[in-house]
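# Observations on chain architecture
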Amino acid sequence: MVAVVGRDVLKILNVTEWGAEEAINLKAVGVRNNFAGSMDVKWGPTSGRDAKIATIGTNGPIVIWDIGTHNKIGRTIKEHTRSVNRICFSPQEPNLLLSASSDSTIRLWDLRVGNKPGTVMDAKDIVREVQFNPTSMNDIVAGYESGNIQRWDLRNPLAGEKKFMAHMGFVTSLDYHPSGRFLASGGRDRTIKVWDMEDEKRREIHTIPTIQYTSKVQWRPNRPYQLAASFKDESTVQVFDVRRPYVPLHVLSQHDKDATSILWKDSDVLWTVSKDKTFASTLVKGQTISADLLPGGKAAMNCYGQLAFTVSTKAGPDSFERDLVPKPGRPNAKAVALDGSSEPMVYRTRQTGGVFDCELFNHEAFIYCAQNYSMEAGNIREVCEHNSNVAWQANKYRDSQAWTALKLFFSEIAEPAIVVSQVDAVTSEASTTITTKEEEQQDDDDDIDTLETMAAKPVVPSLFAIKVSDAPVKRNWSHDDTVRNLLEFYAEQGEVQMCVTILLVLAEEEDLPEFRLSEQWFGSYIDLLSRFKLWSIATAVSQACKDVRIHTMNQDSTTIHTSCSSCMKPILTRAPSSSGFWACDRCRKVLSSCSVCHKTVRGIFTWCTQCSHGFHLQHAQEWFSQSAECPRTNVAPAGDTG
């Protein structure tokens with residue numbers, strides 16, 4: 001039998017191999033007692049006449065239901081001042097119940113003593129999840145909204161063990177391994193982690209990246225390396241083998257909406273419920289193995305034009321067990337595998353691969369142009385001439401010619417202008433019809449003077465007159481089609497750098513046509529700049545763009561993660577104190593030490609953007625005023641990484 005609850009559901013189902021049918025409907029009893037739906041349900045470890053289930057009401061209280069005899073409410077617990085997030089029965093003592101609440105407390109209830117208040121453990125943080133150790137009655141573990149996990153001993157409820165940071169985001173689910181030594185945790189950072197709770201350093205021994213943040217995780221019985229997980233906004237339930245974390249072992253698609261809870265009936269059957277208001281019983285044994293559907297080879301290209309590829313060397317289907325090898329690294333005498341063996345194993349696929357340079361992209365020219373191109377709108381002639389010279393220096397001769405053409409198209413050119421006046425034309429015609437005989441009989445010298453005079457003036461038909469002006473005027477023709485064809489040509493070639501720079505330089509031109517792909521060009525160019533760590537230029541491009549969606553990209557919230565200057569790993573395994581991070585949990589070295597004086601930095605902390613070594617602000621200014629290289633690594637700090 002299985003209990004199923006929801007906002008308007010409170011039923012006990014009788015599940016057989018032929019299907020599921022309703023055995024008891026407790027909603028009518030709940031309505032008489034102001035039942036407002038449930039958020040969680042747990043079945044006590046007893047059965048028969050002593051069977052009990054506990055539910056969390058959406059309106060706050062914990063309700064204990066007497067299922068064995070009367071199908072009625074046996075007790076209502078209302079001591080929590082805020083909502084209850086999770087409940088858990090002790091597997092050894094069926095009358096002990098744990099509750100985790102948003103009022104930052106964990107409470108232990110003894111259901112044999114009536115309305116006696118429970119034992120309170122002050123967690124000083126919102127408690128999202130709590131679990132009993134299946135092999136130790138006094139050992140419990142709690143997961144918090146801060147992402148921390150803490151172990152408690154029920155014999156000393158006043159103080160728990162030291163917290164350790166498990167996830168970047170609140171803990172969504174916890175489940176103890178049947179051995180009682182290992183703990184699986186799911187978090188909002190889209191990872192599932194396995195911890196050795198007997199390791200004092202509290203380091204994760206397995207990490208599984210997931211598609212969404214985990215809503216529920218549970219170990220598979222009699223399969224020490226396998227666990228099942230459901231996810232937020234994801235209809236599938238996935239079964240993982242922690243030795244191969246990147247590919248799920250099975251993907252179960254039984255629902256149309258995201259599964260909200262999972263429960264193993266035994267090692268082969270998994271029960272699930274979903275927001276689509278369905279209950280499903282799935283036979284996992286014999287399901288398709290996801291790895292068998294994957295292609296044997298893959299290829300990927302980086303921003304430098306290098307192509308990496310892998311090709312499978314297997315002749316037949318994937319053989320998971322045969323590809324297990326001992327975990328690399330220095331052996332740990334205290335390490336124990338999940339199945340109890342002394343040598344942890346990991347999966348290593350039989351593949352071969354390589355990397356070669358395709359020479360399809362000149363990243364050096366791209367970086368040079370990005371750092372030297374002018375994107376200022378206004379003086380088009382000077383900007384285009386400057387960009388033409390930059391492109392020429394980068395050996396991009398076609399781009400240099402394009403900038404020269406744009407300079408001629410959109411700049412004012414000083415040259416004589418011909419202006420025709422109809423009135424002056426009539427006067428000119430009258431003056432040309434009056435001729436005297438004396439003029440026809442001039443001597444040779446006069447004829448030469450007349451020819452020289454006429455040669456200095458424009459010769460036009462008698463119906464038109466000409467005025468010559470030296471004022472600069474703009475060429476009077478439209479370049480819309482030419483500019484459009486130019487940008488479309490560069491877009492087809494993948495040259496988003498030219499497309500974006502041309503649009504920024506010509507931004508103030510009123511007749512410039514709109515391009516439906518301009519947002520895509522800007523996004524691709526900013527992404528390329530970020531890949532090459534040209535963040536300042538990417539910010540300048542974003543700010544210069546008139547498109548609101550692009551212009552506001554750099555106004556989004558930014559999170560900076562601190563990395564250890566010794567092992568270069570991110571500092572994610574500890575919760576920051578009021579004074580910040582002081583030591584790395586991985587290499588056990590002090591973080592904020594000055595590379596010049598080797599003393600701890602208190603106050604303003606600066607660091608080299610290439611190697612992450614830190615300094616006192618004054619020492620950094622003094623050192624880099626005399627040297628261009630970091631005192632520890634002899635590496636020059638990047639000029640555009642901030």
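Values in this document were obtained by computation on a predicted structure and should not be read as measured data. (Residues numbered from 1 in each chain as written. Predicted model: local features only at pLDDT ≥ 70, side-chain atom pairs only at ≥ 80, totals over all residues. Heavy atoms only, no water.)

### Quick word on the overall build of the chain
- For the chain, the helix and strand inventory stands at 13 helices and 35 strands.
- Per-residue burial over the chain gives 40% buried out of 642 residues.
- A separation threshold of at least 6 residues defines the contact pool for the chain, and within that pool the share at least 24 residues apart is 46%.
- As displayed, the chain has an accessible area near 36,300 Å², and 50% of this comes from carbon and sulfur atoms. (Helix = DSSP H or I, 4+ residues; strand = E, 2+ residues; numbered from the N terminus. Buried < 20%, exposed > 50% of the residue type's maximum accessible area, 1.4 Å probe, protein only. Contact = heavy atoms within 4.5 Å. Areas by Shrake-Rupley, 256 points an atom, 1.4 Å probe, with all protein chains shown as cover.)

### Some thoughts on the sheet that holds strand S14 (residues 148-153)
- Taken together, the four strands give an open sheet; going across it, the order is S12-S13-S14-S15, and neighbouring strands pair in antiparallel fashion. Of all strands in the sheet, those bounded by a partner on one side alone are strand S12 (127-133) and strand S15 (164-165).
- Note: S14 against S15, two bridges, orientation antiparallel. Residue pairing for S15: asparagine 148 is matched across the bridge by methionine 165. (Pairing = 2+ DSSP bridges.)

### Considering the packing of aromatic side chains
- This structure, assessed with the given rule, holds 11 aromatic pairs.
- On the basis of an interplanar angle of 70 degrees and a centroid distance of 4.7 Å, the ring pair of tryptophan 392 and tyrosine 397 is categorised as edge-to-face.
- The positively charged end of lysine 163 is found above the aromatic ring belonging to tyrosine 144, 4.7 Å away from the centroid.
- Between the NZ or CZ atom of arginine 243 and the centre of the ring of tyrosine 225, over which it lies, the distance is 4.0 Å. (Phe/Tyr/Trp six-rings, centres within 6.5 Å; stacked < 30°, edge-to-face > 60°. Lys NZ or Arg CZ within 6 Å of the ring centre and 35° of its normal.)

### Let's talk about the nonpolar core
- Ranked by internal contacts, the top residues of the largest apolar core, which has 41 residues, are Trp403, Leu406, Ile502, Phe522, Tyr525, Leu529 and Val541.
- Of all the secondary-structure elements, those providing two or more residues to this core are helix H2 (363-372), helix H3 (380-393), helix H4 (397-410), helix H8 (480-492), helix H9 (496-505), helix H10 (518-531) and helix H11 (535-544).
- Among the elements that take part in this core, H9 stands out by supplying eight residues, more than any other.
- Beyond its immediate sequence surroundings of up to four residues, phenylalanine 522 is in contact with Val500, Leu503, Leu504, Val541, Cys545 and Ile550.
- Grouped together as the second largest cluster of nonpolar side chains are 16 residues, Leu108, Val127, Ala142 and Leu154 included. (Core = buried A, V, L, I, M, F, W, Y, C linked by side-chain atoms within 4.5 Å.)

### Overview of the confidence of the model for the chain
- Per-residue confidence for the chain gives a mean pLDDT of 78; residues scoring 70 or more make up 76%.
- This model gives residues 573-579 a pLDDT under 50, and the stretch forms 14 contacts once residues within four places in sequence are excluded.
- Every residue in residues 638-642 scores below 50 in pLDDT, and together they form 13 contacts with partners more than four places removed in sequence or on other chains. (pLDDT = per-residue confidence, 0-100.)

### Brief notes about the side chain of threonine 214
- On the secondary structure map, threonine 214 appears in strand S20 (residues 214-219).
- In this view, threonine 214 contacts Thr172, Gly186, Gly187, Thr191, Ile192, Ala229, Ser230 and Phe231; residues no more than four positions away in its chain are not counted.

### Considerations on the environment of threonine 135
- Following the sequence through the fold, threonine 135 ends up in the loop between S12 and strand S13 (136-144).
- Distance from threonine 135 to glutamine 92, taken between C-alpha atoms, is 8.0 Å for residues 43 residues apart in sequence.
- Look past the residues within four positions of threonine 135 in its chain and what remains in contact with it is Gln92, Pro178, Ser179 and Gly180.
- At 2.9 Å, the side chain of threonine 135 forms a polar contact with the side chain of asparagine 133. (Polar contact = N/O pair within 3.5 Å; in protein donor to acceptor, adjacent residues only side chain to side chain.)

### Digging into H3
- Taking 1.5 Å of rise per residue, the 14 residues of H3 would be expected to cover 20 Å, and the 20 Å separating its terminal C-alpha atoms lies within 8% of that figure.
- Taken as a whole, H3 has its buried residues at Ile380, Val383, Cys384, Asn387, Ser388, Val390 and Ala391. Mapping the buried residues of H3 onto a view down its axis gives an arc of 165 degrees, with all of them on the same face. Facing away from the buried side of H3 by over 90 degrees, the exposed positions are Glu382 and Gln393.
- The secondary structure elements touched by the buried residues of H3 are H2, H4 and H9.
- Downstream of H3 by a residue or two, asparagine 395 has a phi angle that is positive, lying close to 65 degrees. (Expected span 1.5 Å × (residues − 1). Arc of directions from axis to C-beta.)

### As for a nonpolar patch on the surface
- Together, Met301, Leu360 and Phe361 line one region of the surface with nonpolar side chains, adding up to about 320 Å² of accessible area.
- Inspection of the secondary structure assignment puts phenylalanine 361 in the loop between strand S31 (351-357) and H2.
- Overall, phenylalanine 361 belongs to the partly exposed group, its relative accessible area being 32%. (Patch = residues over 30% accessible without salt bridge, like charges linked within 9 Å, V, L, I, M, F, W, Y side chains within 5 Å. Salt bridge = Lys/Arg side-chain N within 4 Å of Asp/Glu carboxyl O.)

### A few points about unusual backbone geometry
- Residues other than glycine seldom take positive phi values, yet lysine 124 does so here, at roughly 60 degrees.
- Note on placement: lysine 124 falls in the loop between strand S11 (119-122) and S12.
- With phi around 65 degrees, asparagine 395 is a residue other than glycine that occupies positive phi space.
- Here asparagine 395 falls in the exposed class, since its relative accessible area comes to 53%.

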